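# A closer look at the structure
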Amino acid sequence: MKALLALGLLLLSVTVNAKVFKRCALAKLLKQDGMDGYKGVSLADWLCLAHHESNFNTKATNYNSGGQSTDYGIFQINSRYWCNDGKTPKAVNACGISCSALLQDNITQAIKCAKRVVRDPQGIRAWVAWKTHCQHQDLSKYVKNCGV
Ligand SMILES: *[C@@H]1O[C@H](CO)[C@@H](O)[C@H](O)[C@H]1NC(C)=O
């Protein structure tokens, strides 16, 4: 019972500490950090991607049991290729960072790593959610009335 209570409080604190971006706040920040048009990826594409991957939540994590890897943060960047979480078999860590750095409220590192991901030949197609939900779609609603 005590353990359950402690777990409940822990989950509560994780939820409370998670930073969930508002759409336009994220749009402005991404623009400021040079994401608009980076490697041909529009601001609306980045927003659509982040919306479907994490719902703009910097603390989002999802374990892929098939690949024994985990996706981290607002862009759901994967531990097989891009970051080190100390538990993913045959991990590459091409961004040269700890995966926990991708969960910070300050998304500077997550942005830097996302740029690294799209510099690879497959570009934004690395994100399945982008292909499924954003490719060939009208994405104007993502930046609408944001002044970006
Ligand atoms: C976010 O972190 C970067 C370094 O990773 C730092 O340069 C920047 O000032 C930080 N931004 C804020 C708002 O704290």
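Anything mentioned here points back to the structure above.
The structure reproduced in this document is the subject of the present report. (Residues numbered from 1 in each chain as written. Predicted model: local features only at pLDDT ≥ 70, side-chain atom pairs only at ≥ 80, totals over all residues. Heavy atoms only, no water.)

## Description of helix α4 (residues 108-119)
Look at α4: 17 Å from first C-alpha to last across twelve residues, which is about the 16 Å you get at 1.5 Å a residue. Ala 110, Ile 111, Cys 113, Ala 114, Lys 115, Val 117 and Val 118 are the residues of α4 that are buried. The secondary structure elements touched by the buried residues of α4 are α2 (23-32), α3 (43-54), β3 (77-78) and β5 (97-98). (Helix = DSSP H or I, 4+ residues; strand = E, 2+ residues; numbered from the N terminus. Expected span 1.5 Å × (residues − 1). Buried < 20%, exposed > 50% of the residue type's maximum accessible area, 1.4 Å probe, protein only. Contact = heavy atoms within 4.5 Å.)

## Some words on the sheet that holds β3
Here we have three strands laid out as an open sheet, ordered β1-β2-β3, and antiparallel in their pairing. Looking along the sheet, the strands with just one partner apiece sit at the ends: β1 (61-64) and β3. Examined bridge by bridge, β1 and strand β2 (residues 69-72) share four bridges and lie antiparallel to one another. By the bridge assignment, Asn 62 is partnered in β2 with Asp 71. (Pairing = 2+ DSSP bridges.)

## Observations regarding the state of the cysteines
Enumeration according to the criterion identifies four disulfides in this entry. A disulfide bridge connects Cys 48 with Cys 134, and the sulfur atoms are separated by 2.0 Å. Of note, the bridge from Cys 48 to Cys 134 carries an S-S torsion of about -90° and is left-handed in sense. With a gap of 86 residues between them, Cys 48 in helix α3 and Cys 134 in the segment after α5 (128-133) connect regions that are remote in the sequence. Across the pair, Cys 134 and Cys 48 agree in class, each one buried. Disulfide pairing places Cys 95 opposite Cys 113 at an S-S distance of 2.0 Å. Taking the sign of the S-S torsion, 90° for the link of Cys 95 and Cys 113, the bridge is right-handed. Of this pair, Cys 95 sits in the loop between β4 (83-84) and β5 while Cys 113 is found in helix α4, placing the two residues 18 residues apart along the sequence. The cystine pairing of the protein, numbering bonded cysteines in sequence order, is 1-8, 2-7, 3-5, 4-6. (Disulfide = S-S within 2.5 Å.)

## A closer look at the pattern of salt bridges
Considering all chains together, one arrives at three salt bridges under this definition. When the shortest N-O distance is used, the salt bridge between Asp 36 and Lys 31 registers 4.0 Å. Measuring nitrogen to oxygen at the nearest pair gives 3.2 Å for the salt bridge that ties Lys 59 to Asp 105. With Lys 59 in the loop between α3 and β1 and Asp 105 in the loop between β5 and α4, this residue pair connects regions lying 46 residues apart in the sequence. (Salt bridge = Lys/Arg side-chain N within 4 Å of Asp/Glu carboxyl O.)

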